[in-house]
Structures are given as C-alpha cells and as structure tokens.
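Reading the structure
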Amino acid sequence: MSKPTSASPAAGAPAAQRRRFLAGLAAGVIGTIVAVVPTIPGIAFLLHPLLKKKKAGAAEGDGYVKITTVEAIPKDGSPRAFPVQMDIQDAWNKYPDRQVGSVFLSRNEDGQLKCFSCVCPHLGCTINYEEKAKLYLCPCHASSFKLDGERENQIPPRSMDPLEVRVNEKNEVEVKYQTFRAGTSERKVVS
C-alpha cells in the first residue's frame, strides 16, 4: 500500500497556482509603478503653464509700469522718449526686465504729465520727436503729430495713442502701457 506524498501532483497543484498568482500580482504592481512614476512629473510639466497662469492672474497688479522719476522729464513741455521694460513670460520661460516698447513723456510748468505711445497708429513704426519743428514725425510714411498728439496730416488714421500716467509715493512715473491696433481709426487695445 502506498502513502500519498507532498510531491504528488494532487497535493502540489494549489501551491503552484498560489505561486503563479503571487508572481503575476507582483509583476503587475511593479509594472504599474514603473509606468506611473515617470508619468506624474510629465503631466505636471505639461500642465504647469496653465496652473501658473491661474496663479499669476489672481496676483496680477494694476498694469502700471515704472518708467522714470519726475525729475528726469523736462519742465518746459518738450517730450522725451523712455523705454518701457517689463518681465515677459511665455508658457514655460520668464524673461526679466526686457524692453517691450517706448513712450513719450512730457511735463508742463504746472507739473501735469502727458504720455503717448511711440508706436505710429498708421502702420506701427516708431515715432521720433523733432525738436526744431516741435512735431512728432514717423520716418516710415511721413505721418506727423502736434505736441498734444493730434495728427498734423491725413496719413495716420487717428491721433497718437495716449497712455494713462501717474506718480507714485516715491516720485516715480508709472505708465499703464498698452499697445493698440495700427491702421484703424478706432483705438483698439491689442495688449
């Protein structure tokens, strides 16, 4: 008479199935970890601009940019051009303190400030100031403007674009810098 041993096929079948199940489960867990761990930082990298935009939108200021001090602007009403420098940010990169344009600032004897964009409303060229003629002149198509920004001839579709200006508590001049659509009689803000 023979006794059943533990090595018999009937007694080893559940142990072999259990080992295969545990090996399959371990392979599934390890495979999931290997797939998920690099995916999470990749998704975070792709979504970062969207998340940053929401955060920046909530903390954004009033749009004024520091240009210069009041003392740097002549008191006689003659305009002077100043660069406008701001931080530029695209989806993933930030470029600090880049020139994005320029403005004309003038101050009368009463201390009132005027500010105009240096961009010609005709086709977007940069306007210069001619001291002898006391006119703003565009070198591209001979558009000209008076000191108050009104157009001198019919070449530009509208007068120069005025910008809001203020003086802060440190006696610094701040401008709400905006760009406008060129070539139209209506003043439409582009950015």
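In what follows, the structure referred to is the one given above.
Residues numbered from 1 in each chain as written. Predicted model: local features only at pLDDT ≥ 70, side-chain atom pairs only at ≥ 80, totals over all residues. Heavy atoms only, no water.

Now for the overall build of the protein chain. Within the protein chain, the regular secondary structure consists of one helix and nine strands. Listed N to C, the secondary structure of the protein chain is α-β-β-β-β-β-β-β-β-β in terms of helices and strands. In the protein chain, buried positions account for 25% of the 191 residues. On the protein chain, roughly 13000 Å² of surface is accessible, and the fraction owed to carbon and sulfur atoms is 57%. (Helix = DSSP H or I, 4+ residues; strand = E, 2+ residues; numbered from the N terminus. Buried < 20%, exposed > 50% of the residue type's maximum accessible area, 1.4 Å probe, protein only. Areas by Shrake-Rupley, 256 points an atom, 1.4 Å probe, with all protein chains shown as cover.)

On inspection of all chains with the given rule, the structure shows six salt bridges. Across the pair aspartate 161 and arginine 158 runs a salt bridge whose closest N-O atoms are separated by 2.9 Å. Judged on exposure class, the residue aspartate 161 and its partner arginine 158 are both buried. The salt bridge involving arginine 166 is made with glutamate 174; its shortest N-O contact spans 2.7 Å. By sharing partners, the salt bridges in this structure join Asp62, Arg166 and Glu174 into a single network. (Salt bridge = Lys/Arg side-chain N within 4 Å of Asp/Glu carboxyl O.)

Evaluated as defined, the whole model comprises three aromatic pairs. Between phenylalanine 104 and tyrosine 136, the ring centres sit 4.8 Å apart and the planes meet at 55°, which makes this aromatic pair tilted. On the criterion of sequence distance, the pair formed by phenylalanine 104 in strand 3 (residues 94-107) and tyrosine 136 in strand 6 (residues 135-137) is long-range, its members being 32 residues apart. For the pair formed by phenylalanine 104 and tyrosine 136, the shared burial category is buried. Between phenylalanine 116 and tyrosine 136, the aromatic rings sit 6.2 Å apart at their centres with planes inclined by 65°, giving edge-to-face as the arrangement. Taken as a pair, phenylalanine 116 in strand 4 (residues 113-117) and tyrosine 136 in strand 6 lie far apart in primary sequence, 20 residues in all. A relative accessible area of 6% places phenylalanine 116 in the buried class. With relative accessibility at 1%, the residue tyrosine 136 sits in the buried group. (Phe/Tyr/Trp six-rings, centres within 6.5 Å; stacked < 30°, edge-to-face > 60°.)

The next thing to look at is the sheet that holds strand 5 (residues 128-130). One open sheet accounts for three strands, arranged 5-6-7; its pairing is antiparallel. Only two strands of the sheet have a single neighbouring strand rather than two, namely strand 5 and strand 7 (144-145). Note that strand 6 and strand 7 share two bridges and pair antiparallel. Counterpart to tyrosine 136 in the pairing with strand 7 is phenylalanine 145. (Pairing = 2+ DSSP bridges.)

Of all the five residues making up strand 9 (residues 172-176), four are buried; the element is thus mostly covered by neighbouring parts of the structure. Here strand 1 (residues 64-69) runs beside strand 9; their pairing, made up of five bridges, is antiparallel. Of the residues in strand 9, the one forming a bridge with tyrosine 64 is lysine 176. Across three bridges, strand 8 (residues 165-167) lies against strand 9 in antiparallel orientation. Looking at strand 9, one finds that arginine 166 is bridged to glutamate 174. Adjacent in sequence and paired antiparallel, strand 8 and strand 9 are bridged by four residues, among which asparagine 171 carries a positive phi angle near 65°.

Spatial relationships are all this shows, so hold off on functional conclusions.
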